[in-house]
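# Residue-level structural notes
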Amino acid sequence: MNQTQTVGRALDILFVLAESGKTLTVGEIAERVPLPESTAYRLVKTLELNGVIERKEKGQISLGMRIMDLARSLHQQIDQNLLTISRPIMDSLTERLNETSLLVVRRGDVGVTVQFAEGNRLIGYLTKNGKIHQLDRGASGKSILAFENTKFINGIIKEADETFREELVQELKKIRHQGYAQTVGEVDSDTLAVAAPIFDENDSVIASLSILGPKERFPEEILSKTIEEVVKSANEITKKVKKNQLS
């Protein structure tokens, strides 16, 4: 794990603690990030020594009062490279399809919108930076979740509604096979979304690129073109991210 990845994982620990709303053990943190428990323990120890987390009784760990703002600020710095690379590609994608595009990254066990581009239509998908996305609902989250490691996927599935766990397992397999996710109305009523994953130089999923809009604007021929354009644009971002990280 290089220095940037170490900082990123340490920040993921902070976001997991922030999003949990309660104290967690090292084992619970390792499962949610995800990380080997030994690695999580070392990172937790370092964060504790620097005073950004607190260890309470019975091995319970929590954040300090102001750490969420610090973690968000540092994550924004790490994301800046991805945002800079993605911006012109997203603008071009939105211009070609005239629908809203989203860039979503994983923070702990949720996705977060970090950048978007809106089309010129009178009626379209409205969003904002910082919007939270469940990883088991909607194309933006599922296209990230499908390419995570098995331990992390199983942790999310275990927390999902029991009535559609098996359906989710099969859908994630399909997404991995075809390379994109497509959903209708899972997060916002009557909204269709197509999303594809973005990877780093280690072929680890780091984000998803999505197009969203009212489902009636996506007849078969338009939907096929949308899928093609989203996958092409996500692959272009991945290629540039890898080239930048290896240079």
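All values derive from a computational prediction rather than experimental measurement.

## A short note on the environment of Gln-178
Mapped onto the elements of the fold, Gln-178 is located in helix α7 (residues 165-178). For Gln-178 and Ala-196, which are 18 residues apart along the polypeptide, the C-alpha to C-alpha distance reads 9.7 Å. One polar contact links the side chain of Gln-178 to the main-chain carbonyl oxygen of Tyr-180, over a distance of 2.9 Å.

## A closer look at the pattern of salt bridges
Scanning the model with the defined rule gives 13 salt bridges in all. Glu-229 is the partner of Arg-96 in a salt bridge, and the nearest nitrogen-oxygen pair spans 2.8 Å. With Arg-96 in helix α4 (residues 67-97) and Glu-229 in helix α8 (residues 220-246), this residue pair connects regions lying 133 residues apart in the sequence. In this structure Arg-96 comes out as partly exposed when scored by relative accessible area, which is 37%. The class for Glu-229 is buried, based on a relative accessible area of 12%. Its salt-bridge partner being Lys-142, residue Glu-171 comes within 2.6 Å of it at the nearest N-O pair. Taken together, the positions of Glu-171 in helix α7 and Lys-142 in helix α5 (residues 139-145) put the pair 29 residues apart, joining distant regions of the chain. For the residue pair Glu-171 and Lys-142, the accessibility class agrees, reading buried in each case. One network of salt bridges, in which partners are shared, links Lys-142, Glu-171 and Glu-186.

Criteria and cut-off values
Within every chain, residues take consecutive numbers counted from 1 along the sequence as written. Under the rules for a predicted model, residues below a pLDDT of 70 receive no local features and side-chain atom pairs below 80 are neither given nor counted, while totals for whole chains, interfaces and linings still include all residues. Only heavy atoms go into the side-chain values, all of them from the structure, while hydrogens and water stay out. A helix here means a DSSP run of H or I that spans at least four residues, while a strand means a run of E at least two residues long, and both kinds are numbered starting from the N terminus. Polar contact is the term for a pair of N or O atoms within 3.5 Å; when the atoms are in protein, one must be able to donate a hydrogen and the other to accept it, and sequence-neighboring residues count only if both atoms are side-chain atoms. For this analysis, a salt bridge means a side-chain nitrogen from Lys or Arg found within 4 Å of a carboxyl oxygen belonging to Asp or Glu. Only protein chains enter the accessibility calculation, which uses a 1.4 Å probe; a residue is then buried when its area is under 20% of its type maximum, exposed when over 50%, and partly exposed in between.

Take it as geometry only, folks, not as evidence of what the structure does.
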